[in-house]
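So the chains spell out like this:
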Amino acid sequence: MDASMFAIQPSSAEPIYRQIVEQLRRLIAGGQLASGDLLPSVRDVAGFHAINPMTVSRAYGMAETEGLLERLRGKGMAVAVTTRSTATQAQRMALLEAQLQALARHARELELPGDAVLRRLGKLLDE
């Protein structure tokens, strides 16, 4: 994994450290990150995304506290060995629930037809 794997949106209302932790949860649950995989260093992520290293360090620390990551002496952070690499589809869908509810609310507020929103989402998923 390299620092470009994180999609960080500085203008988002969600703090950057939470964006990183949420992405780690999804990448691990989806099997894109397996037990023992090394993460990019705090310095690499901060430099690539032009963010404060303390923000990345906070995210990694939170993920470590949750048991998602473990610190390997001399190597950095890695996906915890005890972490199940692939969650069930229902568990992975649960990670999207809040965003799906927000998307549905936004579409209703914009008075967009559901079929148009679903077509656009389908195109985005195919990219």
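If you're wondering where the values come from, they're calculated on a predicted model, not measured in any experiment.

Analysis parameters
- Residues numbered from 1 in each chain as written.
- Predicted model: local features only at pLDDT ≥ 70, side-chain atom pairs only at ≥ 80, totals over all residues.
- Heavy atoms only, no water.
- 1 Å grid on protein atoms, 1.4 Å probe; cavity = no way out; pocket = protein on both sides within 12 Å on 5 of 7 lines; lining within 4 Å.
- Points joined across faces, edges and corners; volume = space filled by probe spheres on them.
- Helix = DSSP H or I, 4+ residues; strand = E, 2+ residues; numbered from the N terminus.
- Nonpolar A, V, L, I, M, F, W, Y, C, P; charged D, E, K, R; others polar.
- Domains from an automatic or database assignment.
- UniProt positions renumbered as here; feature names shortened; annotations may be inferred.
- Pairing = 2+ DSSP bridges.

Trainee: It is not clear to me how the layout of surface pockets should be interpreted in this structure. Could you clarify?
Mentor: To find leftover empty space, one rolls a probe the size of a water molecule over the atoms. Considered as a void within the structure, the largest pocket measures approximately 850 Å³ in volume. In terms of lining residues, the largest pocket is bounded by 21 residues, among which Glu22, Gln23, Arg26, Leu96 and Gln99 are the most central. Looking at the lining of the largest pocket, the elements with two or more residues in it are helix 1 (16-29), helix 4 (89-94) and helix 5 (97-109). Residue classes in the lining of the largest pocket are distributed as nine nonpolar, eight polar and four charged. For the lining of the largest pocket, the domains that each give at least three residues are domain 1 (16-79) and domain 2 (89-126). The computed volume of the second largest pocket comes to approximately 330 Å³. Lining the second largest pocket are Leu96, Gln99, Leu100, Ala102, Leu103, His106, Val117, Arg120, Leu121, Leu124 and Leu125. Elements with a contribution of two residues or more to the lining of the second largest pocket: helix 5 and helix 6 (114-126). Here the residues of the lining of the second largest pocket sort into eight nonpolar, two polar and one charged.

Trainee: What should I look at first to understand the domain arrangement of the chain in this one?
Mentor: The extent of an interface is frequently quoted as the accessible surface area lost upon association of the parts. Along its sequence, the chain is organised into domain 1 (16-79) and domain 2 (89-126). Using only C-alpha atoms to locate each centre, domain 1 and domain 2 end up separated by 27 Å.

Trainee: Please explain the UniProt feature "domain: HTH gntR-type" (unreviewed entry) in the chain as it appears in this structure.
Mentor: Under the feature "domain: HTH gntR-type" (unreviewed entry), the UniProt entry names residues 14-82. With 51% helix and 12% strand, residues 14-82 has end C-alpha atoms that lie 28 Å from one another.

Trainee: Could you clarify how one ought to interpret the pairing of strand 1 (residues 69-72) in this entry?
Mentor: For a regular strand, side-chain orientation follows a simple rule: the groups alternate between the two sheet faces. Two elements, strand 1 and strand 2 (residues 76-79), share four bridges in a ladder whose sense is antiparallel. Paired with leucine 72 across the two strands is glycine 76, which belongs to strand 2. Between strand 1 and strand 2, which pair antiparallel one after the other, the connecting turn spans three residues, and glycine 74 there sits at a positive phi close to 80°.

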